[in-house]
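Coordinates in review
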Amino acid sequence: MPINAEGAVMDDGSRLVAAGLPADLISEVNRIAASLPAHTSCVATGSLVEGFGNDQSDIDLYVIHDEDVPPTGTAIGLRGSRYVDCESMTARGLSRTAELLADPSPDAVHALRVSDLDRYYRVAVSLPVTVTERGEEVLSRFDKSVACRRFATWSRLRAIEHLARASWSQAWGEGRKARILARDTAMWRATARLAAEGEGYVSPKWFGEKAARRYGRGSAAFRDLVDGCLRPAPVDQALPALRAELAVSSEDLRLLAGEAEAAPGVRVVPADGSVHLIQGKRHFAQVSGPLTAVLRHLVESGTWSAAVERSADQLGISPSDVAVAAWYTSASLRRDGFLREVER
């Protein structure tokens, strides 16, 4: 195989050809790779490699440094009619990404960021252009099937969160918001199903292309997935069907709903149409929407679980929906120190 200026083994281009990349693009990629400094690997990835791209799609190159040198970030340049994105990273950092997704436990998967999932998948499906010995060792730790399984689990949890929030908003009279959340629930439910069947590309804009590749455009299975997002049923019809498919378990609720209380020194003060959380003389937050019901009941009952139960009774919806939606919505209050998590 050819080598670059610093001796790293380069692919002969056959894998780039097999992926359907045009000759001028392969030549440009190889030219960039050949000019890389010592102890760096380069892989090509993104929508073009995945088979979704078009003539206007970016060229995505990951430049992996063997040593812990300060990465240069993302360099973007125009090459003919395309942009070339060269993102630098270290082998050590990439190893940490592999370690994060190696853990299949529900708690570990729930804690993943979408950027972790995206990076892992893109590396797993990448095509090597020039690879050092260290780079080869790190790249061997990435597996597309692992990426798909983790993304399927993670996406299902996002669908459950959106389902609870849609139910909560609908009960509060926020019809437009409920419709948007119900549509997004359908999108995450479909994304989870596709990932479980091997279509784990993370970028949501290729959702329809993934469904078409897996089931055939226009097929019954394709329409079942895509129509829920593009032509959704009314919320009162869509939510029961989504709830039945997602089959929320007690383990899901353990991950997605916690217990909280007012942080020390914080006063929860109900007001007309809202609730104020006040800490000291200058630190305060104003809350509106359905979370105000939980916070008002928290003042009266003293416990988060009792406040959730009372809010569910008030709104006429499942306590599990209120628990998940309230926990999601109150995240910023916990982060900013107005609420604190209570061990269950």
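Residues numbered from 1 in each chain as written. Predicted model: local features only at pLDDT ≥ 70, side-chain atom pairs only at ≥ 80, totals over all residues. Heavy atoms only, no water.

Glancing now at the overall build of the protein chain. Within the protein chain, the secondary structure is distributed over 17 helices and eleven strands. Residues counted as buried form 48% of the 344 residues belonging to the protein chain. Working note: accessible area of the protein chain is about 16500 Å², and carbon and sulfur atoms make up 51% of it. (Helix = DSSP H or I, 4+ residues; strand = E, 2+ residues; numbered from the N terminus. Buried < 20%, exposed > 50% of the residue type's maximum accessible area, 1.4 Å probe, protein only. Areas by Shrake-Rupley, 256 points an atom, 1.4 Å probe, with all protein chains shown as cover.)

All right, on to the packing of aromatic side chains then. All chains considered together, the criterion is met by five aromatic pairs. Considering the side-chain rings of Tyr121 and Tyr201, the 5.9 Å spacing of their centres and the 70 degrees angle between planes classify their relative orientation as edge-to-face. Residue Tyr121 is located in helix H6 (residues 114-124), and its partner Tyr201 is located in the loop between helix H9 (175-196) and helix H10 (207-215); the two are separated by 80 residues in the primary sequence. Taking relative accessible area as the criterion, Tyr121 reaches 1% and is therefore assigned buried. Between Trp154 and Trp188, the aromatic rings sit 5.6 Å apart at their centres with planes inclined by 75 degrees, giving edge-to-face as the arrangement. Of this pair, Trp154 sits in helix H8 (residues 144-172) while Trp188 sits in helix H9, and the two are 34 residues apart along the sequence. In this pair, the class of Trp154 matches that of Trp188, namely buried. Members of the aromatic cluster, each reached through a chain of ring pairs, are Phe151, Trp154 and Trp188. Arg158 extends its terminal NZ or CZ atom over the ring of Trp154, reaching a point 4.8 Å from the ring centre. (Phe/Tyr/Trp six-rings, centres within 6.5 Å; stacked < 30°, edge-to-face > 60°. Lys NZ or Arg CZ within 6 Å of the ring centre and 35° of its normal.)

This part takes up the side chain of Glu161. Inspection of the secondary structure assignment puts Glu161 in helix H8. Non-local contacts of Glu161, meaning those with residues more than four positions away in its chain, are made with His110, Leu256, Val324 and Tyr328. (Contact = heavy atoms within 4.5 Å.)

This part takes up the state of the cysteines. Taken as a whole and judged by the stated rule, the model has zero disulfides. Free cysteine Cys42: the closest other cysteine sulfur is in Cys86, separated by 6.6 Å. (Disulfide = S-S within 2.5 Å.)

The biggest cluster of nonpolar side chains holds 86 residues, and the ones touching the most others in it are Trp168, Leu277, Leu291, Val294, Leu295, Trp304 and Leu333. Element by element, the count of residues in this core is highest for H8, at 13 residues. Among the nonpolar cores identified, the runner-up in size contains 18 residues, and Cys42, Leu48, Ile59 and Val84 belong to it. (Core = buried A, V, L, I, M, F, W, Y, C linked by side-chain atoms within 4.5 Å.)

So, about helix H14 (residues 291-301). Residues Leu291, Thr292, Ala293, Val294, Leu295, His297 and Leu298 constitute the buried set of H14. Phi turns positive, to about 90 degrees, at Gly302, one or two residues after H14.

With antiparallel pairing, three strands are arranged side by side in an open sheet as S8-S9-S10. The open sheet has two free edges, formed respectively by strand S8 (266-271) and strand S10 (283-287), since each of these has just one partner strand. For this sheet, the mean angle separating the axes of adjacent strands, direction not counted, is 20 degrees. Here strand S9 (residues 274-279) pairs with S10 via five bridges, running antiparallel. Looking at the pairing, Gln279 lines up with His283 of S10. The sheet contacts of H14 involve S8, S9 and S10, and relative to S9 the element is tilted by about 60 degrees. (Pairing = 2+ DSSP bridges. Axes fitted to C-alpha atoms, helices over the stretch in contact; angles between N-to-C directions.)

Attention now moves to the side chain of Thr185. Positionally, Thr185 belongs in helix H9. The residues contacting Thr185, other than those within four sequence positions of it, are Ala159, His162, Leu163, Leu242 and Leu246.

We now examine helix H12 (residues 235-246). Spanning twelve residues, H12 covers 16 Å between terminal C-alpha atoms, matching the ideal 16 Å at 1.5 Å per step. For H12, the full list of buried residues reads Val235, Ala238, Leu239, Leu242 and Leu246. With its buried residues spanning 95 degrees around the axis, H12 presents them on a single face. Facing away from the buried side of H12 by more than 90 degrees, the exposed set consists of Asp236, Gln237, Ala241 and Ala244. Packing partners of the buried residues in H12 comprise H8 and H9. (Expected span 1.5 Å × (residues − 1). Arc of directions from axis to C-beta.)

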